[in-house]
Every structure is written in structure tokens, then in C-alpha cells.
Amino acid sequence: MRRIHSVAVLGAGTMGAQIAAHLANAGLRVLLLDLNETIAAKGLRAVQELKPDPFFTPNASQLISIGGFDADLFSLSEFDWIIEAVVERLDIKQELIARIEEVRAASTIVSSNTSGIPIADIAQGRGEAFQRHWLGTHFFNPPRYLQLLEIIPTPRTDPAVVERIRQFGAQTLGKGVVIAKDTPNFIANRIGIHGVMRVLQLLADGSFTIEEVDAITGPAIGRPKSATFRTIDIAGIDVLAHVARNLVDRLDSPDERSAFTLPPLVDSLVERGWTGEKAGQGFYKRTRGPEGSQILTLNPKQMKYRERESPHLPALDAAQAVNDLPNRLRTLFLGKDRVGTFLRATLGQTLLYAAEVAPDIANSIDDVDRAMRWGFGWEIGPFEIWDAIGVDTVLETCAAPDTPPLILQMKARDRRFRDGSLLPAEPGLQILTQARTAGAIVRHNTGASLVDIGDGVLAVEFHSKMNTIGGDTIEMLKAGVAEAEQHFEALIVGNEATAFSAGANLMLVLLEAQEENWEEIDFMVRSFQKAVIGLRYASVPVIVAPGGLTLGGGCEIALHGDRVQAAAETYMGQVEVGVGLVPAGGGTKELLARCITEQPAMIEDALPFVKRAFELIGFAKVSTSGRDAQRLGLLRDVDGISINRERLLSDAKTIALDLVRGNYQPPQAPASIVVGGNDLRAALELGVHIAWRAGRISDHDAVIGRKLAGILSGGELPHQTTVSEQHLLDLEREAFLSLCGEPKTQERMAYTLRTGKTLRN
């Protein structure tokens, strides 16, 4: 099957330009066309200014060239895949597709990114060869961050073409791919918008406030933090309105059309131009004043904004103690309070609807669950929720007038949709979860586990809250090295959670500092240093596989792997200065060593090189992607990037086994590391002083900066010389301990633990 190397995107609106951006992220040659080159250029400029950034790195945009339908349509013959993403009008799409047919190469695949127009209708009248290469490819917005790609073949699409795009989407673009039927709004939007409509009904009749709805429909039930109304604001209220109207126009059943009819509130918001984030106001409004920004909430009855209110929902507070999501969902759903009432009226009705329409819109219930996980950020899909709550329980509590045929079929066999959990879509995905489910846990404690992932490879998996690093995690890192050296060929440190690691257990450090238990803190730091150095010099290859937040101690673990295989969405950095500290788990030492090794031979002035490490740590720089981590120097050129997060551990395992087959030899500890001594220290401290005098940093920032300068210059040394790795580790530890005793550092730690934000005192 021929690989896809080049893609043309037709339509430089927000969606088309973002698709082009993600294709460029994957390293593809991209052509972005619109009516003319000027419009295409404007679309590309607009997407470059979007936040969050659609590009992994700024220079990814250089892979995109622009042009116009008026002058450049002929060049489509040079591209392997053409994606139509113009305005949602059937006549305009049909006219453009007819022009594409005239110029495309015989093997070129053509698809539409429409979110609702029938795929078969768009290609009406086209020739047989075109029809075999024609299908729908529905990306979710924003394409970089939302994993779902719905592929919609027609009866005339060549199955080989479907498979080619499926593999390309999963492996090259990092997508979770679902094959959908050519029905109104396909799978995820059909079910997701149904749920939104049920919520809007309760808002419209005044039963619940916007804040209450978002408190219930967020992480408490396994949904994103943006919950319902923040998500709608981000996606665009006008987009919601368009999708809902399309369903009303295309559905046959009067009951279904009624279920998707927009409440007057949405029409009113669209008419006023209050369409969400892009308009500056929607269900929420951000205002800026002398004391900073403030987020206001819409009062739907008065159509005015008011100060946000903290919802009082005791059931949600109580549910925080239930870590297992299925059990938490069941508890909340069956509650006799307002939360239970809300969930039965919204989630319950959507579960019934999903069971009713699943056979018509999807090829399996697995595809429905995956579509909602990948497209709407649900931790578990509708049929997983049916099993969690109980089929009979849902039917009884939601007073279903008619039991969907799918439910009747299932009940004839069993009382659950699945015997176990939802399996990965294909081999090689989520291998750690599969191994754990199969009982391959070698050893575990409350913070981490050792898991046999097959082929002689052992994995250390963190599973504390936000995967923070404490004594139990450190113990398991050491045990992982010992176990791998005795009984395995290689070791991987990674997990399949949202965050690889948010860093050290800050609460533990603060409590010990407040009690002035300096010996205990010293022991903690020494233990962590020993653990990461153990990773570096293990006799087996150690691959660290970070994804998501990889901060502080998590970053230090990554810095000490033989190789790093990072997820494309890896937000990595040494952020300790934000809580008044410096990296002391080998992070400062390692970044200095990397900068020194980059120096040209015989250079006399090390300052420009050491300054890179100083700024990375001192400014608490965090990468915006895995590629950006390479740009910053947190990852090396030899480290890899996995664009599909679910394939990350499998890719890391492949790297580990390649090293084993290459007769792996562990690295030797450096005999010496060049440091600049007092001259270099004076130069760094001068920079700190100038920044302090200019008011760019606080008094305590300056204290931290001087401590950092002391480590990076090698301590109190009269001139440039060399020191051991252990010498730098000792300097790190001493600076860390010293800062723990500073009242302002303790203030910073307490503030971050209380608010999740950084205090600049």
C-alpha cells in the first residue's frame, strides 16, 4: 500500500487551516488552497495566531504552501490525498468536487471534512474511478488536540482506500479512527449533541445554573474540565446551532427532530453575536480590569452577565472519595439529590438514545464508545456506562417508554454489554493497560507498579494522583532497575495516564520543611538522585516514555533515560523555581552537562552555553509539544516522538528491543564535567541583579537565581575547571535544602498546593 506523503486541503477557514497545521505537524508536505492565494494566506495567518497553538513548533508552518482555486487547482495532481473543507453547502461542495475530478491523479484519494452533509450526495454524478477513491474524513476541532477521526465510506468506496486512510490516520496523524456509517452527523456528534440538548433543556427551565451544570458534567463523571458550557464556548455556539439544525433537517423521526430542536436561548445568543470564546462572550464572558481578568457567567433569564457562583452540591464533594470512575458514576446517577436528578434526565436519556441509534450509525458498540472517548473526551463511553450503572437500573430509573431493540438483544444473552473493559482498537495500542488487565503485575505499591509487558521488557508504571513522585515511587524505580537487570532485557518507565508526572510530592516536602526535618528532606533528595542515576547507568537499556505533563521530577526522570520516546503532546520542563526551589533530582546537573557537551572544542567562554540551562530552569520553560521539547534541549535528537499517544509504550518497547539486539552497553559515568567557576558565576549573578533592578523578578526570585548560578558554575571555584557528577548532585541537594528553609519558598509551596497557581513573592 503506497504511503501518503503529500496532502492538499481545500478551504482555508478555521477548520481547514487547522487540519493543514496538523498534517504539517506530522511532517507532510501540505498545500492549502482557497478561492485565491490572498484568502488562503489570511487563513494561514489566522491559524498561526490561535491559542492553543495548532502547531507543534512554529517552523512546522513552513511545510504549508498556499494558493488559490483560480490559479493552482491543476497542481492537485501532484498530491496523494485531497481534503475538501469548504463551506457547508452541498451545491458548493459538488461544484468543487467536479473540478477536482478533472485534475486529480488516478491514485489520489479525495475526501470531505463535512460534519453533516451526506458523503454520497456530495459525489453524485462523479465517475466510477472517482467514487472508488472518495470518502468522508471528519476531523474534530481542534484537530491537533482532539483524537477522533471518523472515516465515512460510501457503498462505492474501495475498501483498500478506506484501509489506507485508516492506517495513515492512526499511525501518521496519531488519530483514534472510527469507521462510521453515512448517517446524519455520523457517530460522535449525533450522540454528543443529543446530550447537550438535554442539558440545555434543564438550563432553559431554570432547574440548574450554568455553574452547577459544569460542576456535574466535568471530571466528576469522567468528562474534561471544560465540562459542558465551557466546551460549547470553545467550539462555538454558532457551530452547535449549525450541527443541531442539520440534524433537524435530515432526521426522519419527529421525536428525533424534536430532541434536537434548539431552545430559544441558543438562537438569542447567536443573534447577539455571543458565540463563545471567539466572540469574547457566550455562556461565559472574560473581562479585564485593574485587578486582572475575571470570568463572568450568563444569567439566561435576564441575558446579562453576573459574577460566578460556587455551586453547592454535596453529592459531588462526597463522590471525590470514590476513585473508581464506574462506581462513582453509579453512585451519583442513583443519588436521590439534585445531582442524581440531573444525571438521570440528561445522561440517562442519552444512554437510551445511544442504544436506540447505535445499529444505524456505527458498526459496533465499541466504535460508539471509542468515538465518544476520542471526540468528546469521555473517559468511558455510553455502553461502558450502561455496564457500570447496570442495564436494568438504567431502564428502571429513566422510565424508558420503549426498550431499544439493542437492549432486548443484549438481555437475551446477558446483563452486560461486555465481559470486561473496552479493548484497544488494534494490536500495539495501550499495551500497558492490556498487560495489567492480563495480570502481568510483578510488584506494586500505592505509588507505582512493575508490569511485565512481554518480550523481556519490564515497565515501571506510576499511578499516584497526577503521578506525583514520593517515597513509594522512588522505591519502585529502584526495584524496577534491580528486577530488570536480573530477569528482563530492558526497562521502560511510562504510563497511559493523562500526565506522566506532575513532579515531586510537594505537600510532603512542605510538611517536612515546616517541621524543620532537614535530615528527612536530605534523605528524600538523596534517594531520588540515586534512583535517577540508577536509571542512567543500569546494565539494561532504560527507555522513558513521557506524555502530557512531565514536570519537575518527572522531567528529571526523562532526562536520565538512555532514550526518551515522548508523546507528541508532552509538556515538559523544570518548573521548580515556581515553588521557590531548584531541580535537585539531577536535572540541573544533566542540563548543564548537555550544554557543555554542545560546546565547540577549545572554546574559552562557556557562558552562552551554560546560559541556556540557566534560562531553561530559571524561567521555568515548559515545552508546548514533544517537538518543542527537542527545540528547547529537553529532548535530544536521538529521542523519538510518538504522535499517537496510545501507541507510545509500544514504540518505546520497540526502541528498547532494538537496543538489546544491538548488543547494548550501558554508558559510563563521565570522569569530569567542565564548570566555569567564579567568573561564570559572577556573569550569571550579574544577569540576575540586572533583572531584579529592572523589576522583572522579585527579591526571592533573585535568591533562587543566585543559588542556581552557584550550581551551574560548579560552586566556589576560583577558575574554570572540572568536577565530578556527584559534586554537582551535592550542590543541587544543598541548594534545595537551603531554599526549603526560606519562608518565602514555603509560602510559594503552600500557595501552589492551595490554588494550583504560582506565587511570585
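Residues numbered from 1 in each chain as written. Predicted model: local features only at pLDDT ≥ 70, side-chain atom pairs only at ≥ 80, totals over all residues. Heavy atoms only, no water.

### Quick look at the overall build of the chain
How we decide: Helical segments are the DSSP runs of H or I of at least four residues, strand segments are the runs of E of at least two, and each set is numbered from the N terminus. A radius of gyration in this sense is built from C-alpha atoms; the matching globule rule multiplies 2.2 Å by the number of residues raised to 0.38. Think of it in three bands: with a 1.4 Å probe and only protein chains considered, a residue is buried below 20% of the maximum accessible area for its type, exposed above 50%, and partly exposed in between. Contacts between residues were defined by any pair of non-hydrogen atoms, one from each residue, lying within 4.5 Å. Each accessible area is a Shrake-Rupley estimate made with a 1.4 Å probe; only the visible protein chains count as cover when residues are assessed.
A count of helical and extended segments in the chain gives 34 helices and 22 strands. In terms of overall size, the chain behaves like a compact globule, its C-alpha atoms giving a radius of gyration of 28 Å where 761 residues would be expected to give roughly 27 Å. In terms of principal-axis extent, the alpha carbons of the chain reach across some 85 × 65 × 60 Å. Looking at the chain residue by residue over its 761 residues, the buried ones come to 56%. Within the chain, contacts between residues separated by at least 24 positions form 71% of all contacts whose residues are at least 6 apart in sequence. Approximately 32100 Å² of the chain is accessible, and the part contributed by carbon and sulfur atoms is 51%.

### Observations regarding the layout of surface pockets
To be explicit about the condition: Here the term cavity refers to a set of points on a 1 Å grid, laid over the protein atoms alone, in which a 1.4 Å probe fits but cannot get out; the term pocket refers to an open set having protein on both sides within 12 Å along at least five of seven lines, with lining residues being those that place an atom within 4 Å of a point. Grid points are joined across faces, edges and corners, and a volume is the space filled by probe spheres set on the points. All residues other than Ala, Val, Leu, Ile, Met, Phe, Trp, Tyr, Cys, Pro, Asp, Glu, Lys and Arg, Gly among them, are scored as polar; the first ten of these are nonpolar and the last four charged.
Counted as a void, the second largest pocket has a volume near 1300 Å³. Those elements giving two or more residues to the lining of the second largest pocket turn out to be α23 (471-487), α24 (506-514), α25 (518-536), β17 (548-551), α26 (553-559) and α34 (743-755). At seven residues, α25 tops the list of elements feeding residues into the lining of the second largest pocket. Of the residues belonging to the lining of the second largest pocket, the class tally is 25 nonpolar, 13 polar and eight charged.

### Observations concerning the packing of aromatic side chains
Applied cut-off: Put simply, two rings from Phe, Tyr or Trp (the six-membered ring, in Trp's case) pair if the centres are within 6.5 Å, and we call them stacked under 30 degrees between planes, edge-to-face over 60, tilted for the rest. Only when the NZ atom of a Lys or the CZ atom of an Arg is both within 6 Å of the ring centre and within 35 degrees of the ring normal do we say a charge sits over the ring.
On inspection of all chains with the given rule, the structure shows 10 aromatic pairs. Here W81 and F168 contribute two aromatic rings whose centre-to-centre distance is 5.8 Å and whose plane-to-plane angle is 85°, an arrangement assigned as edge-to-face. Remark: F168 occurs in helix α7 (residues 159-171) and W81 occurs in strand β4 (residues 81-84); sequence separation between them is 87 residues. Assessed through its relative accessible area of 0%, W81 is described here as buried. Taken together, F383, W386 and F417 form an aromatic cluster joined through their ring pairs. When the ring centre of F79 is taken as origin, the NZ or CZ atom of R29, which lies over that ring, is 4.6 Å away. Seen from the ring of W274, R272 lies directly overhead, with NZ or CZ sitting 5.0 Å from the centre.

### So, the sheet that holds strand β1 (residues 6-10)
Each strand in a sheet pairs with another by means of backbone hydrogen bonds, the pair being arranged parallel or else antiparallel. The condition that has to hold: Paired strands are those between which DSSP finds at least two bridges. To obtain an axis, a line is fitted to C-alpha atoms, over the contacting stretch when the element is a helix, and the angle between two such axes runs from 0 to 180 degrees between their N-to-C directions.
Taken in spatial order, the eight strands of this open sheet run β3-β2-β1-β4-β5-β6-β7-β8, and their pairing is mixed. If you trace the sheet from one side to the other, it starts and ends with β3 (64-68) and β8 (176-179), each paired once. Looking at each pair of strands side by side, their axes are set apart by 25° on average, direction ignored. Sheet topology places β4 next to strand β5 (residues 109-112); four bridges connect them, and they run parallel. Residue I83 lies in a different strand from β5, and its bridge partner there is S111.

### Considerations on unusual backbone geometry
That bond from K51 to P52 is cis: its omega, 0°, falls within 30 degrees of zero. Mapped onto the elements, P52 comes out in the loop between α2 (37-48) and β3. Put simply, N141 and P142 share a cis peptide bond, and its omega is 0°. When you line up the elements, P142 lands in the loop between β6 (134-139) and β7 (148-153). The phi dihedral of F186 is positive, around 60°, even though this residue is not glycine.

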